[in-house]
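# Structure assessment
Below are the chains, spelled out letter by letter.
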Amino acid sequence: QYAKIIKAENSRLEGQVERVLQLAKLEKGEVQLKKAVVDLHGLIKNVAETYEINVAQRHGTLSFDLGAQDCNVEVDPVHITNVVSNLLDNANKYSPDTPKIQVSTTSTDNEISISFTDNGKGISKDDLKSIFEKFYRVSTGDIHDVKGFGLGLFYVKSILEAHGGTIRAESEPGAGSTFTITLPLMKYHG
C-alpha cells in the first residue's frame, strides 16, 4: 500500500517537475511547438472521455454544445490537449458532489472560442485577478483539499499565448466559473 502511494506521488512530482521545466523554456521563448492540423472538437471529445466516467460516478453531467462552424486549428496537439485537460480537471475538482460541467464552442472568421462552465464553488474577485500568475493558489480554507503547485493556469495561459490565443475567467463565489479560451483558426489561402 505504501509503495503504491509513494509511486503515485513520485509520478505526480515528476509531472510537476516536467511542467516547471517546460514553463522555464516557455518564459525564455525556447519551447518548440510541434504544430499539426487538429480538429478541436475531436480533441475535446477525446480528452473529455477520461473525465466523463469520474463525473458520472459523482452523479454529475458533462455536456457539450460544440457550435463552432470551423474547428480546425494548427497547434501543438500535446500542449493543447494538456490545456483542455487542465481546464476540465479544474472544473471537476472544484465542483460540488454533483458537478454540472459544460463545454461549448463558437467561432468567428478568424478564431474559435471554447468555454468551460462549472457549478463549482466559484472564485472571489481578488483571487480572479491573480489566478493566472505563477504559483498562485486560490485560498480554500483547508490547505490540503486540492493538490498542486498552482502552475496549472499559468501553464495554460503561457501555452495559449504561445499559440496566439487568450484565456479569461468569469466567476461568482458560490455560482460557478466559466473559463473561455480562444485560438486562431487556420488561415485558408484560397
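Attention in this report is confined to the structure presented alongside it.

Here we take up the pattern of salt bridges. Under the counting rule described, the total for this entry stands at four salt bridges. Between Asp 126 and Lys 129 there is a salt bridge; the shortest N-O distance is 3.4 Å. Of the two residues, Asp 126 and Lys 129 are both situated in helix H4 (residues 125–130); the distance of three residues between them amounts to about one turn of the helix. By relative accessible area, Asp 126 is classed as exposed at 56%. Taking the relative accessible area as the measure of exposure, Lys 129 reaches 66% and is therefore exposed.

With respect to the helices and strands, the residue Gly 42 is situated in helix H2 (residues 40–57). Remark: the alpha-carbon pair of Gly 42 and Cys 71, spanning 29 residues in sequence, is separated by 9.0 Å.

By volume, the second largest pocket is sized at about 160 Å³. Lining the second largest pocket, in full, are Gln 22, Lys 25, Glu 30, Val 31, Gln 32, Lys 34, Asp 76, Val 78 and His 79. When contributions to the lining of the second largest pocket are tallied by element, the ones reaching two or more residues are helix H1 (2–27) and helix H3 (77–93). Broken down by class, the residue content of the lining of the second largest pocket amounts to two nonpolar, three polar and four charged.

Another aspect to go through is H2. Taking 1.5 Å as the rise per residue, H2 with 18 residues should run 26 Å; its terminal C-alpha atoms sit 26 Å apart, in good agreement. Inspection of H2 places Leu 40, His 41, Leu 43, Ile 44, Val 47, Ala 48, Tyr 51 and Val 55 among the buried residues, and these make up the whole buried set. Looking at where H2 begins, the residue whose side-chain oxygen comes 3.0 Å from the main-chain nitrogen of His 41 is Asp 39. Once H2 finishes, His 59 follows within two positions and takes phi at roughly 60°, a positive value.

For His 59, which is not glycine, the phi torsion reads 60° and is therefore positive. Along the chain, His 59 falls in the loop between H2 and strand E2 (61–66).

On to the packing of H2 against H3, then. Relative placement of two packed helices is described by the angle separating their axes and the distance separating the axes. Remark: H2 packs on H3, axes separated minimally by 10 Å, with the N-to-C direction vectors making an angle of 35°. Here H2 runs over H3; the crossing is right-handed. Between H2, through Leu 40, Leu 43, Ile 44, Val 47, Ala 48, Tyr 51, Asn 54 and Val 55, and H3, the contact on the second element is made entirely by Pro 77, Ile 80, Thr 81, Val 84, Ser 85, Leu 88, Asp 89 and Asn 92. Among the residues making up the contact of H2 with H3, the classes are represented as eleven nonpolar, four polar and one charged.

Let us look at the packing of aromatic side chains. For any pair of aromatic rings, the description consists of the separation of the ring centres together with the inter-plane angle of the planes. Counted by the stated rule, this structure contains one aromatic pair. Seen from their ring centres, Phe 132 and Phe 179 are 6.4 Å apart, and the 85° between their planes marks the pair as edge-to-face. Residue Phe 132 is found in the loop between H4 and helix H5 (152–162), and its partner Phe 179 is found in strand E7 (residues 177–184); the two are separated by 47 residues along the sequence. The same class applies to Phe 132 as to Phe 179, namely buried. Sitting above the plane of the Phe 64 ring, Lys 45 keeps its charged end 3.9 Å from the centroid.

What counts and what doesn't
- Residues numbered from 1 in each chain as written.
- Predicted model: local features only at pLDDT ≥ 70, side-chain atom pairs only at ≥ 80, totals over all residues.
- Heavy atoms only, no water.
- Salt bridge = Lys/Arg side-chain N within 4 Å of Asp/Glu carboxyl O.
- Helix = DSSP H or I, 4+ residues; strand = E, 2+ residues; numbered from the N terminus.
- Buried < 20%, exposed > 50% of the residue type's maximum accessible area, 1.4 Å probe, protein only.
- 1 Å grid on protein atoms, 1.4 Å probe; cavity = no way out; pocket = protein on both sides within 12 Å on 5 of 7 lines; lining within 4 Å.
- Points joined across faces, edges and corners; volume = space filled by probe spheres on them.
- Nonpolar A, V, L, I, M, F, W, Y, C, P; charged D, E, K, R; others polar.
- Expected span 1.5 Å × (residues − 1).
- Polar contact = N/O pair within 3.5 Å; in protein donor to acceptor, adjacent residues only side chain to side chain.
- Axes fitted to C-alpha atoms, helices over the stretch in contact; angles between N-to-C directions.
- Left-handed = near helix turned anticlockwise from the far one by under 90°.
- Contact = heavy atoms within 4.5 Å.
- Phe/Tyr/Trp six-rings, centres within 6.5 Å; stacked < 30°, edge-to-face > 60°.
- Lys NZ or Arg CZ within 6 Å of the ring centre and 35° of its normal.

Nothing here speaks to function; it is all geometry.
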